[in-house]
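Residue-level listing of the chains:
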Amino acid sequence: MPGNILLVEDEYALRMTLGDRLRKEGYTVDAASDGEQGLAMARQLPFDLIVLDVMLPRLDGFTVCRHIRAAGLITPVLMLTARGRTAEKVNGLTIGADDYVTKPFKMPELLARIGALLRRAPTRPEAQSGVFEFGQVRVDLPATEVTVNDERVNLSAREFQLLRFFLENPGVTLSREELLTRVWGYQASTFTRTVDVHVSGLRQKLEAEPKQPRYFLTVQGLGYKFRPAAEPTSP
Ligand code: CA
């Protein structure tokens, strides 16, 4: 299933090699050589995926990613990080990147990650109609109705608000503090346990295996993240 890819990479040789290879795989590729140009293209043109280098002139990859998410774009972002820089990976995922590949990478690995991201990318019409589906779960936001396997599920008002916030921020790591502020309106960080309890509630009601969640994921040490489609199983 080919798609349109935006490639933001300042290294000329890598931009050319990668671009050629992706086109050979059937993708349409537009390339940008710095962060500002990449961000402008991401805002103006519809892409199915963005491959974003971290070290870029003018605007670094993190800043570009943050602006992309702030603009409400849910396009999957795959970041290219420097080898062994764990902080970069964590930072990238926190600000809304969907995955990362460490440089230098092997082409088959990158292609596999791109394929996986495109397969689980949320479709826009769902977001616009306010009806979301993931796995056996169907959420109709305007009707405040949630079903699992066509059976009505009763959520508390707060659980529903939390679910809506997750749906509106797919793939973004959300800290407990942020969830408290945005869903509960609390400023204090002393009630973070409340968030855990409600996420646990959503898992119990919506996940097939609440102890091994596929959609409402814990991001160790950071918070939670909603994945609109299940993680691909490792080969
Ligand atoms: Ca670079």
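Everything below is about the structure shown above.
Below is a short write-up of the structure. Counting from 1, residues in each chain are numbered in the order their sequence is written. Reporting of local features is limited, given that this is a predicted model, to residues whose pLDDT is at least 70; pairs of side-chain atoms are given and counted only at 80 or more, and all residues count toward the totals for whole chains, interfaces and linings. Each side-chain value is worked out from all heavy atoms of the structure, with water and hydrogens disregarded.

### Here we look at the nonpolar core
Alright, step 1. Only buried residues count toward a nonpolar core, which is a set of Ala, Val, Leu, Ile, Met, Phe, Trp, Tyr and Cys residues joined through side-chain atoms within 4.5 Å. Buried, partly exposed and exposed residues are distinguished by accessible area as a fraction of the type maximum, computed with a 1.4 Å probe on protein chains only: under 20%, between the cut-offs, and over 50%, respectively. If you look at the biggest cluster of nonpolar residues, it comprises 29 residues, and the most contacted ones within it are Val139, Leu163 and Phe166.
Alright, step 2. Only runs of H or I of at least four residues qualify as helices and only runs of E of at least two qualify as strands under DSSP, and these elements are numbered from the N terminus. Among the elements of the structure, β6 (131-134), β7 (137-140), β8 (145-148), α7 (157-168), α8 (176-184), α9 (192-206) and β11 (223-226) are those that each provide at least two residues to this core.
Alright, step 3. Per-element accounting of this core gives the leading share, six residues, to α7.
Alright, step 4. The residues contacting Phe166, other than those within four sequence positions of it, are Leu174, Leu179, Val199, Leu202, Phe216, Tyr224, Lys225 and Phe226.
Alright, step 5. Listed in part, the 20 residues of the second largest apolar core include Met41, Phe47, Val77 and Met79. Contacts: residue pairs with any heavy atoms within 4.5 Å of one another.

### Concerning the sheet that holds strand β9 (residues 151-153)
Alright, step 1. Each pair of strands is called paired provided DSSP finds at least two bridges between the two strands. The sheet built from four strands is open, its strands ordered β6-β7-β8-β9 with antiparallel pairing. The sheet terminates laterally at β6 and β9, the two strands that pair on one side only. Going from strand to strand, the sheet's axes swing by 25 degrees on average, the running direction of each strand aside.
Alright, step 2. Across four bridges, β6 lies against β7 in antiparallel orientation. Paired with Val131 across the strands is Asp140, a residue of β7.
Alright, step 3. Lying over the sheet, α7 contacts β6, β7 and β8, oriented at roughly 100 degrees with respect to β7. Geometry is summarised by axes, namely lines fitted to C-alpha atoms with helices restricted to the contacting stretch, and by angles between N-to-C directions that run from 0 to 180 degrees.

### Regarding α7
Alright, step 1. Take the residue count of a helix, subtract one, and multiply by 1.5 Å to get its expected span. For α7, with 12 residues, the first-to-last C-alpha span of 17 Å sits near the 16 Å given by 1.5 Å per residue.
Alright, step 2. Those residues of α7 that fall on the buried side of the exposure criterion are Glu159, Phe160, Leu162, Leu163, Phe165, Phe166 and Leu167.

### Notes on the coordination of the calcium ion
Alright, step 1. Only Asp10 (OD), Asp53 (OD) and Met55 (O) from the protein coordinate the calcium ion, and they sit 2.0 to 2.3 Å from it.
Alright, step 2. Coordination of the calcium ion draws on donor residues from a single chain, spaced D-x42-D-x1-M in sequence. Linking Asp10 in the loop between β1 (4-8) and α1 (12-24) with Asp53 in strand β3 (residues 49-53), this pair joins segments that are 43 residues apart in sequence.
Alright, step 3. Among the residues examined, Asp10 registers a relative accessible area of 31% and is labelled partly exposed.
Alright, step 4. What makes Asp53 buried here is its relative accessible area of 3%. Water is absent from the atoms considered, so a metal site may look incomplete; donors are defined as N, O and S atoms within 2.8 Å of the metal, or 3.2 Å for Na, K and Ca.

### Regarding the pattern of salt bridges
Alright, step 1. Whenever a carboxyl oxygen of Asp or Glu lies within 4 Å of a side-chain nitrogen of Lys or Arg, that contact is scored as a salt bridge. On inspection of all chains with the given rule, the structure shows 14 salt bridges.
Alright, step 2. Among the salt bridges present, the one from Arg21 reaches Glu25, with a minimum N-O distance of 3.3 Å.
Alright, step 3. On the basis of relative accessible area, Glu25 is assigned to the partly exposed category, the value being 39%.
Alright, step 4. A salt bridge links Asp98 to Arg227; the nearest nitrogen and oxygen atoms lie 4.0 Å apart.

### Here's the deal with the packing of helix α2 (residues 35-44) against helix α3 (residues 61-70)
Alright, step 1. Where α2 contacts α3, the two axes come as close as 10 Å, and the packing angle between them is 20 degrees. It follows that α2 is roughly parallel to α3 by the angle criterion. The interaxial crossing formed by α2 with α3 has right-handed handedness. Contacts between α2 and α3 involve Gly35, Leu39, Ala42 and Arg43 from the former and Val64, His67 and Ile68 from the latter. Just so you know how the angles are binned, under 35 degrees is roughly parallel, over 145 roughly antiparallel, 65 to 115 roughly perpendicular, and the rest oblique. Each crossing gets its handedness from the near helix: less than a right angle anticlockwise from the far helix is left-handed, clockwise is right-handed.

### Focus on the environment of Ala32
Alright, step 1. Relative to the elements of secondary structure, Ala32 occurs in strand β2 (residues 28-32).
Alright, step 2. A residue is classified by how much of its surface remains accessible, and Ala32, at 1% relative accessible area, is buried.
Alright, step 3. With 23 residues separating them along the chain, Ala32 and Glu9 place their C-alpha atoms 6.4 Å apart.
Alright, step 4. Non-local contacts of Ala32, meaning those with residues more than four positions away in its chain, are made with Leu7, Val8, Glu9, Arg15, Gln37, Gly38 and Met41.

### Details of the sheet that holds β1
In sheet architecture, strand pairing relies on hydrogen bonds along the backbone and comes in two forms, parallel and antiparallel.
Alright, step 1. Sheet architecture is open: five strands sit in the order β2-β1-β3-β4-β5, paired in parallel fashion. Whereas interior strands pair on both sides, the edge strands pair on one side only; in this sheet they are β2 and β5 (99-102). For this sheet, the mean angle separating the axes of adjacent strands, direction not counted, is 20 degrees.
Alright, step 2. Contacting β1 and β2, α1 crosses the sheet at an angle of about 165 degrees to β2.
Alright, step 3. Of the strands in this sheet, β1, β2 and β3 are in contact with α2, which crosses β2 at around 140 degrees.

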